[in-house]
Amino acid sequence: SCARRAALTPPRAAPREQVTVAHNRALLVGLGITHVVNCAGVTAASAFPEAFEYTTLFVDDAPGADLLCHLPRVVAALDDAARQVRALSQKRDPL
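A quick note: this is a predicted structure, and the numbers were derived from the prediction, not measured. (Residues numbered from 1 in each chain as written. Predicted model: local features only at pLDDT ≥ 70, side-chain atom pairs only at ≥ 80, totals over all residues. Heavy atoms only, no water.)

Draft legend 1. Summary view of helix 3 (residues 71-92). For helix 3, with 22 residues, the first-to-last C-alpha span of 32 Å sits near the 32 Å given by 1.5 Å per residue. Buried residues of helix 3: Val74, Ala77 and Ala81, and no others. The buried residues of helix 3 occupy one face: seen down the axis, they fall within an arc of 60 degrees. Structural note: helix 3 exposes Pro72 and Gln90 on the side pointing more than 90 degrees away from its buried face. Where helix 3 is buried, its residues meet strand 1 (35-38) and strand 2 (53-56). (Helix = DSSP H or I, 4+ residues; strand = E, 2+ residues; numbered from the N terminus. Expected span 1.5 Å × (residues − 1). Buried < 20%, exposed > 50% of the residue type's maximum accessible area, 1.4 Å probe, protein only. Arc of directions from axis to C-beta. Contact = heavy atoms within 4.5 Å.)

Structure (structure tokens):
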């Protein structure tokens, strides 16, 4: 299962050029980003856990990597993010 593989896969260092956007807090904030799906949990820790809500996947960057097993978790995270953003928007601008 995905959860079992994630528990067995330790993070490892990634080349710096692969994570520049993920580590650019000003850019993410400027774009209005509130939630991040980090698909590179194997190589890159979530950069700003105090500023953004992360869903972290531990997926090997390999041709045979099983991506579909992560899909339900990603869809749930996206649905949750959309609900949170809608609720915040309604609080700011009630009809």
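Draft legend 2. Quick peek at the environment of Phe48. For Phe48, the location among the structural elements is in the loop between strand 1 and strand 2. Using a relative accessible area of 15% as the deciding quantity, one classes Phe48 as buried. The sequence separation of Phe48 and Ala22 amounts to 26 residues, and the corresponding C-alpha distance is 8.8 Å. Those residues in contact with Phe48 that lie beyond four places of it in its chain are Ala22, His23, Asn24, Arg25, Leu28 and Tyr54.

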